Amino acid sequence: MVLRSCWKSRHKNSSGPAPCWTRPRLAALLWLCVTQFVCGSGAEGETNNVIQKDAEFDVTYNDTVTSENQTIYAFNHTVSRNKTEGVRVFVDVLSQGFESPILFVVRQKQAVVSFQVPLILRGLYQRKYPYSHVGRTLCQPPTRAASETQYFFVDVSTLSSLGTNYQLRVSRVESFTLQTDKKFSFTASPSQPQYFKYVFPDGVDTVIVKVNSEMTFPCSVMSIQDIQCPVYDLDNNVAFIGMYQTMTKKGAITVQRKDFPSNSFYVVVVVKTEDEACGGPLRFYPLRPDELIDAGNRSKFIDVIVTPAINSEVYVMGMLFCLGIFLSFYLLTLLMTCLENKRMKKREVFQIAADMSPAETGKTQASPYEYGSFADNGSTLSSEAITDSATSTDNNYGYVEQSLDSVGRSRQESLSSVEEDDYDTLDDITSDKNIVRTKKFLCVSDLSRKDKRILSKKYQIYFWNIATIAVFYALPVVQLVITYQTVVNVTGNQDICFYNFLCAHPLGALSAFNNILSNLGYVLLGLLFLLIVLKRDIVHNRALVRNDLNALECGIPKHFGLYYAMGTALMMEGLLSACYHVCPNYTNFQFDTSFMYMIAGLCMLKLYQKRHPDINASAYTAYACLAGVIFFSVLGVVFGKGNTVFWIIFSVIHILSTMLLSTQLYYMGRWRLDAGILRRIVYVIYTDCIRQCSGPMYIDRMVLLVMGNIVNWSLAAYGLIERPNDFASYLLAIAICNLLLYFAFYIIMKLRSGERIQCLALVCILFTAVVWGFALYFFFQGLSTWQKTPAESREHNRDCILLSFFDDHDIWHFLSSIAMFGSFLVLLTMDDDLDTVQRDKILAF
């Protein structure tokens, strides 16, 4: 019955001579009849007129459609195997009613595209945006023949009983295939997406598709899809397949030939209905759920260019360059070590010759233990008095008279058999500690009285703890970033990771291999620093074994545990920074900063330990404090953005911590935090400030602590007022400012005390300062930022600047690793001038 109705209606509406029934026309009629049969639209007693027209390209058809008639436009065109020609359909609805839209169905050989006009696109919160002007590009099915004529049909229908006027135009897209290194410009809108084809030329395996626009908004999406039908080119389906990313002014995706078996792909550009995904303003919430919102003019003028990416030779050159830079430090260190050993051998020869001279044979050298002398520091205590007060069994402070042979034998004992609890750790001799540590001018000998074996074991715990922390921290981090990279590769969502897409060179499953490779310097230079420390440790132990008086009684006490921890932290910083750059985003930024906090904290502890070895913090206390810093870092990243309550709590904790640490440093640990603390503070203020105006007893310490409090209070006020989005970097800035302040104080006090800085240490200081300056310049270039949306972050992307392989942030990695290594060398060598100075003549500040 349906088929008969279709047949009769076809003859009834035919005019003129009998038509010539061609295969495409018959296929179109059969398609319509089957559609009516399936949908039940051919009910008995209802007449449905079908009008079929032979249509031509580049001709505008103005027609009217109702529920009683349907129109089929038949097109044909020649498809060539060696030339791809796009076909684009433009539709305009001239009526204003949105209740009964017109349905357009485009039937091709291997694809069917359907859309309604007005086209309703949805935004957030189910907002609806109608578009009366629609343009779609037809998917081009592949052909095996050299030339083939293909037919397609455009069916127009509606359920509206009233006539609806429309315009239909089908045109060829002459520049459908993109050319390498040739810019192509076009206009797109939410209802008129665009896509073009690109074919890999011979000899090119990787290309970068760059899309640019002078307009920030409207927000758009660029997608790379395989050559298959249908092409997903609407805002609500563009993320279904392929790789895609949002963009405002810039977008770039690196495409590899191995991912596309047909050696070609589509570049799809879709303009979104709203700008919220790109950081733009969010429209008002509709008062009625079904209210249609006028989107206005959302056309965007866009340029696209496809350029070849780097080849394998550039990869090899980049890797060799990276290795060459850091291995040169190994060669330089080896050369300096050889020169130093040669100089030491000459010195030993001259010393042996001097010892064997007749003038010296009759003299006997006195033991330094027999004649202890302290510098005039304002105290009435002499070294002999202190030694005498420490000779009791229970109050053994150290420095008990003993022969050099016994000292040598004690150094040969196994450290594993020494426990800190077996020796006095100054807890039971409160009176003696109060006397020594409250002198106006303290010397290193006053604060280096504990047994060297106990302190050596105490500071070795720093190394073993950080090694344990590194293992437990790094394993889940590596697992997580591998998962991140897998998600990016599987879903194709390029908005997950904040790369510099204009200089992101893939290798295997990694999307930005160059950003990972550039972190190699931290690992190699950290390992080199460990080797340098190990060499010094071995030389020092040999000097102790042969009872070298300079090693026993002169210079800054040598404890290498913190140095080992610093070198390990530098290596871990390289590993975790590489893990962060596998997929950089705000959720894993703490991977890149956690060991920066560790490094800053360890450097400050090492500076303090140099002249205060007996009262430096234990490894457990230090790492517990650093864990608290990282904990606040995570809280700040998750909850700190614009949260006033969090910033108030953090600022209060920051200021209180600064005050407590200042008190600890000023009184050298000789104070108690208990219920009577407020009463003692009031008493001190009354006696020292009100009753009699007396200045601070320790002026140098007071100057440092006042400056430190000013800096920290200012940083706390800045954070509370500005509330920066990047809380992790803000916290790192606090640590670095305190480290630089303490380092400057140390250098100034060292020079002020009459000490000098040797040539090697001075060269390291100057070299490190220059490198830090250049490194910070490249750091603040800001090639991407997860503080903004992915589309806004891509506005900061820039091309590679070194060997066509490394960008500004890679150079920051190179220079900062060298600068950190130089900073460590400064800490290691800055007090080498004191190796022959008695410790009772070295001031502790």
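On a predicted model such as this, the values are computed, not experimentally measured, just so you know.

About the cut-offs
Residues numbered from 1 in each chain as written. Predicted model: local features only at pLDDT ≥ 70, side-chain atom pairs only at ≥ 80, totals over all residues. Heavy atoms only, no water. Pairing = 2+ DSSP bridges. Helix = DSSP H or I, 4+ residues; strand = E, 2+ residues; numbered from the N terminus. Axes fitted to C-alpha atoms, helices over the stretch in contact; angles between N-to-C directions. Phe/Tyr/Trp six-rings, centres within 6.5 Å; stacked < 30°, edge-to-face > 60°. Buried < 20%, exposed > 50% of the residue type's maximum accessible area, 1.4 Å probe, protein only. Disulfide = S-S within 2.5 Å.

Novice: For this particular structure, what's the right way to read the sheet that holds strand E11 (residues 164–173)?
Specialist: Sheet strands associate in pairs through backbone hydrogen bonding, adopting either a parallel or an antiparallel arrangement. Here four strands make up an open sheet; going across it, the order is E2-E11-E4-E9 and the pairing antiparallel. Each edge of the open sheet is held by one strand with a lone partner, namely strand E2 (60–65) and strand E9 (133–138). Taken over all neighbouring pairs, the strand axes of this sheet differ in orientation by 20° on average, direction set aside. The pairing of strand E4 (residues 86–93) with E9 spans six bridges and is classified as antiparallel. Its bridge partner lying in E9, valine 91 is registered against valine 134.

Novice: When you look at unusual backbone geometry in this model, what are you seeing that I'm missing?
Specialist: Keep in mind that most residues, glycine aside, have a negative phi and that most peptide bonds are trans. Note that the residue after phenylalanine 217, namely proline 218, is joined by a cis bond; omega there is 10°. Inspection of the secondary structure assignment puts proline 218 in the loop between strand E14 (206–212) and strand E15 (220–226). In this structure, the amide linkage connecting cysteine 229 to the following residue, proline 230, adopts the cis form with an omega of 0°. Take proline 230: it is sitting in the loop between E15 and strand E16 (243–247).

Novice: Would you mind showing me how to read the packing of aromatic side chains here?
Specialist: How two aromatic rings sit relative to each other is given by the distance of their centres and the angle of their planes. Enumeration over the complete set of coordinates arrives at 55 aromatic pairs. Geometrically, the ring pair formed by tyrosine 61 and tyrosine 73 is tilted, given 5.4 Å between the ring centres and 50° between the ring planes. Of this pair, tyrosine 61 sits in strand E2 while tyrosine 73 sits in strand E3 (residues 69–80), placing them 12 residues apart in sequence. As far as burial versus exposure is concerned, tyrosine 61 and tyrosine 73 are alike and both buried. Measuring from centroid to centroid gives 5.1 Å for phenylalanine 589 and tryptophan 786, while their planes differ by 55°, and the two rings are tilted. Of the two residues, phenylalanine 589 sits in helix H13 (residues 589–611) while tryptophan 786 sits in the loop between helix H19 (759–779) and helix H20 (790–794), which places them 197 residues apart along the sequence. With a relative accessible area of 9%, phenylalanine 589 lands in the buried category.

Novice: Could you clarify how one ought to interpret the state of the cysteines in this entry?
Specialist: In a disulfide, the sulfur atoms of two cysteines are covalently bonded to one another. In the structure shown here, the tally under the stated rule is four disulfides. Each sulfur in the disulfide pair cysteine 139 and cysteine 229 lies 1.8 Å from the other. Every disulfide takes its handedness from the sign of the S-S torsion; for cysteine 139 and cysteine 229 that torsion is -85°, giving left-handed. Separated by 90 residues along the polypeptide, cysteine 139 in the loop between E9 and strand E10 (147–158) and cysteine 229 in the loop between E15 and E16 bring together distant segments of the chain. The buried category is assigned to cysteine 139, whose relative accessible area is 3%. A relative accessible area of 28% places cysteine 229 in the partly exposed class. Between the sulfur atoms of cysteine 219 and its disulfide mate cysteine 278 the distance is 1.8 Å. Given an S-S torsion of about 50°, the disulfide between cysteine 219 and cysteine 278 has right-handed geometry. Separated by 59 residues along the polypeptide, cysteine 219 in the loop between E14 and E15 and cysteine 278 in the loop between strand E18 (264–271) and strand E19 (300–308) bring together distant segments of the chain. Overall, cysteine 278 belongs to the buried group, its relative accessible area being 0%. Taken in N- to C-terminal order, the disulfide-linked cysteines of the protein chain are connected 1-3, 2-4, 5-7, 6-8. Cysteine cysteine 759 is unpaired, with the sulfur of cysteine 764 as its nearest cysteine sulfur at 9.4 Å.

Novice: What exactly am I supposed to notice about the pairing of E4 here?
Specialist: For a regular strand, the rule is simple: side chains alternate between the two faces of the sheet. Burial within E4 is extensive, with six of its eight residues counted as buried. Pairing geometry for E4 and E11, over eight bridges, is antiparallel. The residue bridging valine 91 from the neighbouring strand is leucine 168, located in E11.

Novice: Explain the sheet that holds strand E13 (residues 194–199) here, please?
Specialist: Taken in spatial order, the four strands make up an open sheet running E13-E18-E15-E16, and their pairing is antiparallel. Looking at strand neighbours, the two that pair on one side only are E13 and E16, the edges of this open sheet. Across the sheet, the axes of successive neighbouring strands diverge by a mean angle of 20°, strand direction being ignored. Inspection of the sheet shows E15 paired to E18 by seven bridges, in the antiparallel sense. Each residue of the ladder has a partner; that of methionine 222, found in E18, is valine 269.

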